[in-house]
Amino acid sequence: MRRSQILTLVGLGTLAGGIAAAIAVLLPWLPDPASREAGRIDFVFWFVTIICIVIFAIVAAALLYAVMRFRAAPDDDSDGPPTHGHTGLEIVWTIIPTLLVTAIGVISAVVLARNDHVGKNPLRVNVTAQQFVWSFQYAGNKNMQTGMLRVPMGRSLLLTFTAKDVIHSFWVPEWGQKQDTVPGIHPTLHITPDRLGRFPVICTELCGLGHAVMRTYAIVMTPKAFDTWLHGQSAATTSPSTGTSGKAVFDNNQCGACHTLAAAGASGKVGPDLDKLPQWAQDAKQPLESFTQTSIVDPSAYVQKGYPDNVMPHTYKSLPKDQLDALVQYLIQSSKKG
Ligand code: CUA
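About the cut-offs
- Residues numbered from 1 in each chain as written.
- Predicted model: local features only at pLDDT ≥ 70, side-chain atom pairs only at ≥ 80, totals over all residues.
- Heavy atoms only, no water.
- 1 Å grid on protein atoms, 1.4 Å probe; cavity = no way out; pocket = protein on both sides within 12 Å on 5 of 7 lines; lining within 4 Å.
- Points joined across faces, edges and corners; volume = space filled by probe spheres on them.
- Helix = DSSP H or I, 4+ residues; strand = E, 2+ residues; numbered from the N terminus.
- Axes fitted to C-alpha atoms, helices over the stretch in contact; angles between N-to-C directions.
- Parallel < 35°, antiparallel > 145°, perpendicular 65-115°, else oblique.
- Left-handed = near helix turned anticlockwise from the far one by under 90°.
- Contact = heavy atoms within 4.5 Å.
- Nonpolar A, V, L, I, M, F, W, Y, C, P; charged D, E, K, R; others polar.
- Pairing = 2+ DSSP bridges.
- Phe/Tyr/Trp six-rings, centres within 6.5 Å; stacked < 30°, edge-to-face > 60°.
- Buried < 20%, exposed > 50% of the residue type's maximum accessible area, 1.4 Å probe, protein only.
- Lys NZ or Arg CZ within 6 Å of the ring centre and 35° of its normal.

A. Expanded view of empty space enclosed by the protein. What the rule picks out here adds up to 1 cavity of 30 Å³ or more. There is about 560 Å³ of room inside the largest cavity. Around the largest cavity sit 32 residues that line it, and His259, Pro272, Ser295, Pro299 and Met312 are the ones nearest its centre. Every element with two or more residues in the lining of the largest cavity is listed here: helix H6 (277–283), helix H7 (288–297) and helix H8 (321–337).

B. Representation of the layout of surface pockets in the model. There is about 530 Å³ of room inside the second largest pocket. Around the second largest pocket, the lining comprises 23 residues; the ones closest to its centre are Gly147, Met148, Thr216, Asp251 and Gln254. Among the elements of the structure, strand E10 (215–221), helix H4 (223–238), helix H5 (246–252) and strand E12 (266–267) are those that each provide at least two residues to the lining of the second largest pocket.

C. Representation of the packing of helix H1 (residues 3–26) against helix H2 (residues 36–69) in the model. Contact pair H1 / H2: the axes reach a minimum separation of 8 Å and the direction vectors enclose 140°. Overall, the two elements H1 and H2 adopt an arrangement that is oblique. At the point where H1 passes H2, the crossing takes the right-handed sense. Of H2, the residues touching H1 (which contributes Gln5, Thr8, Leu9, Leu12, Gly13, Ala16, Gly17, Ala20, Ala21 and Ala24) are Trp46, Thr49, Ile53, Phe56, Ala57, Ala60, Ala61, Ala62, Leu64, Tyr65, Met68 and Arg69. Along the lines of polarity and charge, the residues of the contact of H1 with H2 split into 16 nonpolar, 5 polar and 1 charged.

D. Seen up close, the packing of H2 against helix H3 (residues 87–116). Here H2 crosses H3 at 170°, and the two axes come no closer than 9 Å. Our classification of the angle between H2 and H3 gives roughly antiparallel. Packed against H2, whose contacting residues are Glu37, Arg40, Ile41, Phe43, Val44, Phe47, Val48, Ile51 and Ile55, the element H3 presents Leu100, Ala103, Ile104, Ile107, Ser108, Val111, Arg114 and Asn115 at the interface.

E. Summary view of the sheet that holds strand E3 (residues 145–146). Read across the sheet, 5 strands follow the order E3-E2-E1-E5-E8 without closing on themselves; strand pairing throughout is mixed. Whereas interior strands pair on both sides, the edge strands pair on one side only; in this sheet they are E3 and strand E8 (188–191). Pairing between strand E1 (residues 123–130) and strand E2 (residues 133–138): 6 bridges, direction antiparallel. When the bridges of E2 are listed, Ala129 appears paired with Trp134.

F. Molecular detail of the packing of aromatic side chains. This model, assessed by the stated rule, comprises 10 aromatic pairs. Aromatic side chains Tyr65 and Phe70 sit 6.3 Å apart centroid to centroid with 85° between the ring planes, which places their arrangement in the edge-to-face category. Taking the relative accessible area as the measure of exposure, Tyr65 reaches 9% and is therefore buried. Taking 6.2 Å as the distance between ring centres and 45° as the angle between the ring planes, the aromatic pair formed by Tyr138 and Phe226 counts as tilted. Here Tyr138, found in strand E2, pairs with Phe226, found in helix H4; they are 88 residues apart in sequence, far enough to count as distant. Side by side, Tyr138 and Phe226 carry an identical accessibility label, which is buried. Ring pairing ties together the aromatic residues Trp134, Phe161 and Phe170, which thus form one cluster. Directly above the aromatic system of Trp171 lies the positively charged group of Lys178, at a separation of 4.5 Å from the ring centroid. The ring of Tyr217 has Arg198 lying over it, and the distance from NZ or CZ to the ring centre is 3.7 Å.

G. Representation of the environment of Leu157 in the model. Note that Leu157 resides in strand E5 (residues 157–163). According to the relative accessible area criterion, Leu157 is buried, its value standing at 1%. Placed 36 residues apart in sequence, Leu157 and Asn121 show a C-alpha to C-alpha distance of 9.0 Å. Discounting chain neighbours no more than four positions away, the residues touching Leu157 are Leu123, Val125, Val151, Trp175, Leu189, His190, Ile191 and Pro193.

Given below as structure tokens:
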């Protein structure tokens, strides 16, 4: 091979590799990691991507060079000369991919093992998925249920999943980890949040009509702020003297994901508009209060025209009585105002 040919090959390789690298680096493919696990997953991603870009550059350079250099004349129909392979070349292009694939396998195994290593004192949170809400229960605070996931920064978080109806999938893009929730089994997921902020919790498994709105937030707080919040929450749910706020029940159960209610700033479109509650009750010829309560605990009792049955979960009959009463009163008052 002459020097000019090598220069051409290197030039073509640099061009192809440069274009591929620019596409990989300049477009924001990945969110900024907000957990140690996501940082490791990103490392594996870039390790594999860089190998791919280098190999792509070499193959593209050889291909483009062959197209340019060995192009047949327009009227040349003759066969090319017979070739017999090149043992040295074949050994090289077998050994290099073997080493690369082995390296990817080893690094992936290390990252998987480290990402699953929970440590001694994780914060345990039970995550319940149902059409179309996420809810979170903190270990040791049985009565406490929230609609947003609040966690302290820097501490291992061990989520245990329960699916009440169909398969859902828990995903916080900035945390990297993802887990399907499957009825009948209780998979776990380990995350160590390492950046403060509010991140979206997304359902990434098509689970029905309200799949697209099955979202909430994960809020990463400083350990001190988290402790203050946790104590405040467990005090509020265990002390009867503070009363139960209907708006809190509405928010914690994510009613606004599917329903519109002006007073709560909710604009869900999956279920009936709750600002029109008095009218719905009138249409059903029922007293407003009993109509509202029945519709929460037994959603199939009155199905509004234009809305399918069996979209609203049948699980709210398990709401504690004080929460149910507070929610009913809140809905009645809010809808009369609206
Ligand atoms: Cu739950 Cu999609």
